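# Summary of structural features
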Amino acid sequence: MVLPLEEHLAVDPFIVRYADGTYSYNCYHIPTNLNAGRFPAARLESWPWKSVPLNKESMGKARATDTIQHYAFQKLKAEFDLVFNDDGSGEAADLVALKDVDEKTIRLCLVHCKNAHEAKVTQDIRNFYILCGQAQKCVAIKHRGMARLYHDLKRRHEIWAQEGHSRFLKGDIKQLAYFRDKARRTAVEFEVILVQPGASAASVNDDALLLLGTTELYLRKQPLVFESSYRLKRRLLRLALPQGVLDVAMNMRILPRQH
């Protein structure tokens, strides 16, 4: 049975979140005093992008090396045991990376890449709108646990494998299964990395820092449930907490162009 729109929205409300931290709930605008502030410019990580075209984002099945995504993989691969190319419709992120930190901890990292607006380095806020939206979406919708993530990545890899391609840039399906199983008994650190070579760390403006600050605060406030519903986790962004205080920690790294 198809419900009238009014009844459907009463059960499943339409929510729009805005860059300033406020949101609309159906026909109501809800002001919130987040006091997110600016994302600290000192925390921006800069990479040299001289050899990478700013308008070539995805490496594709051919693993094109002159792309933003492939360059991000090259810069990050040493940090992780497994790196998965999840780029495409329905993706969790452009790159999904996993690391076996120790006996009690694994790290799940989602890397979102975006080409520069108009293929040049500017202070255009549009360089960050989509990235920040992807960061929020991957927390609010995706990754209800490693079992779900394993299923999604395995299915997407098998589709490529039918054409003779692999989505695994580092590691394999056996390692992915290992992380799925280990997540049932260990803590999970959750990290988001945003890669945008169209912005300069030396000249990023206040509008961009405010947007990033709001995104970071939003990520920190969202609950995260892994495997069992009673294991409620909260995300943290680069907070210096003693080991064992919280089961899940989260870092958000913004990677603009090196000036």
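Residues numbered from 1 in each chain as written. Predicted model: local features only at pLDDT ≥ 70, side-chain atom pairs only at ≥ 80, totals over all residues. Heavy atoms only, no water.

### Observations regarding the packing of helix α4 (residues 146-161) against helix α5 (residues 173-182)
In contact at an axis separation of 9 Å, α4 and α5 are set at 165° when each is read in the N-to-C sense. Here α4 is positioned roughly antiparallel relative to α5, judged by the angle of their axes. Regarding α4 and α5, the two cross each other, and that crossing is left-handed. Of the residues in α5, those in contact with Met146, Ala147, Tyr150, Leu153 and Lys154 of α4 are Ile173, Leu176, Ala177, Phe179 and Arg180. Classifying every residue of the contact of α4 with α5 gives eight nonpolar, no polar and two charged. (Axes fitted to C-alpha atoms, helices over the stretch in contact; angles between N-to-C directions. Helix = DSSP H or I, 4+ residues; strand = E, 2+ residues; numbered from the N terminus. Parallel < 35°, antiparallel > 145°, perpendicular 65-115°, else oblique. Left-handed = near helix turned anticlockwise from the far one by under 90°. Contact = heavy atoms within 4.5 Å. Nonpolar A, V, L, I, M, F, W, Y, C, P; charged D, E, K, R; others polar.)

### Considering the nonpolar core
Judged by nonpolar contacts, the single largest core of 36 residues is most densely connected at Val96, Leu108 and Phe128. Going through the elements one at a time, β4 (82-85), β5 (95-102), β6 (105-113), α3 (126-140), α4, α5, β8 (187-200) and α6 (206-221) are the ones with two or more residues in this core. (Core = buried A, V, L, I, M, F, W, Y, C linked by side-chain atoms within 4.5 Å. Buried < 20%, exposed > 50% of the residue type's maximum accessible area, 1.4 Å probe, protein only.)

### Examining the environment of Ala93
Along the chain, Ala93 turns up in the loop between β4 and β5. The sequence separation of Ala93 and Gln134 amounts to 41 residues, and the corresponding C-alpha distance is 7.9 Å. Ala93 has contacts with Asp86, Asp87, Leu110, Val111 and His112, leaving out every residue within four places of it along the chain.

### A closer look at the environment of Ile173
Residue placement: Ile173 occurs in helix α5. Judged by its relative accessible area of 28%, Ile173 falls in the partly exposed class. Along the backbone, Ile173 and Leu153 are 20 residues apart, and their C-alpha atoms lie at a distance of 9.1 Å. Non-local contacts of Ile173, meaning those with residues more than four positions away in its chain, are made with Tyr150, Lys154 and Phe168.

### Structural notes on the pattern of salt bridges
Counting across every chain of the model gives 14 salt bridges. A salt bridge links Glu163 to Lys61, with the shortest nitrogen-to-oxygen separation between them at 2.5 Å. Linking Glu163 in the loop between α4 and β7 (168-170) with Lys61 in the loop between β3 (28-30) and α2 (68-76), this pair joins segments that are 102 residues apart in sequence. Given the relative accessible area of 52%, Glu163 is considered exposed. Here the salt bridges share partners, and the residues they tie into one network are Arg180, Asp181 and Arg184. (Salt bridge = Lys/Arg side-chain N within 4 Å of Asp/Glu carboxyl O.)

### Comments concerning α4
A rise of 1.5 Å per residue sets the reference length of α4, with its 16 residues, at 22 Å; its end C-alpha atoms lie 22 Å apart and thus fit the reference within 8%. Residues of α4 that are buried in the fold lie against β4, β5, β6, β7 and α5. (Expected span 1.5 Å × (residues − 1).)

### Examining the pairing of β8
A regular strand places its side chains so that they alternate between the two faces of the sheet. Of all the 14 residues making up β8, 13 are buried; the element is thus mostly covered by neighbouring parts of the structure. By the bridge criterion, nine bridges tie β6 to β8 in an arrangement that is parallel. Looking at β8, one finds that His112 is bridged to Leu194. (Pairing = 2+ DSSP bridges.)

### Here we look at the confidence of the model for the protein
Segments scoring low in pLDDT should not have their predicted coordinates read at a detailed level. Mean pLDDT for the protein: 78, with 76% of residues reaching 70 or above. Note on residues 224-250: pLDDT is under 50 here. Beyond four places in sequence and across chains, it has 75 contacts. (pLDDT = per-residue confidence, 0-100.)

### Digging into the side chain of Arg180
Within the secondary structure, Arg180 sits in helix α5. Excluding anything up to four places from it in sequence, Arg180 contacts Met146, Ala147 and Tyr150.

### Some details on the packing of aromatic side chains
Aromatic rings in a pair are described by how distant their centres are and how their planes are angled relative to each other. The tally for this structure, following the rule as stated, stands at five aromatic pairs. Taking 5.1 Å as the distance between ring centres and 85° as the angle between the ring planes, the aromatic pair formed by Phe84 and Phe168 counts as edge-to-face. Here the residue Phe84 occupies a position in strand β4, and Phe168 occupies one in strand β7, the gap between them amounting to 84 residues. Grouping residues by exposure puts Phe84 and Phe168 together as buried. Three or more aromatic residues joined by ring pairs form one cluster here, namely Trp47, Trp49 and Tyr71. The ring centre of Trp160 lies 3.9 Å from the NZ or CZ of Arg167, which sits over that ring. Note that Arg180 overlies the ring of Tyr150, its terminal NZ or CZ placed 4.2 Å from the centroid. (Phe/Tyr/Trp six-rings, centres within 6.5 Å; stacked < 30°, edge-to-face > 60°. Lys NZ or Arg CZ within 6 Å of the ring centre and 35° of its normal.)

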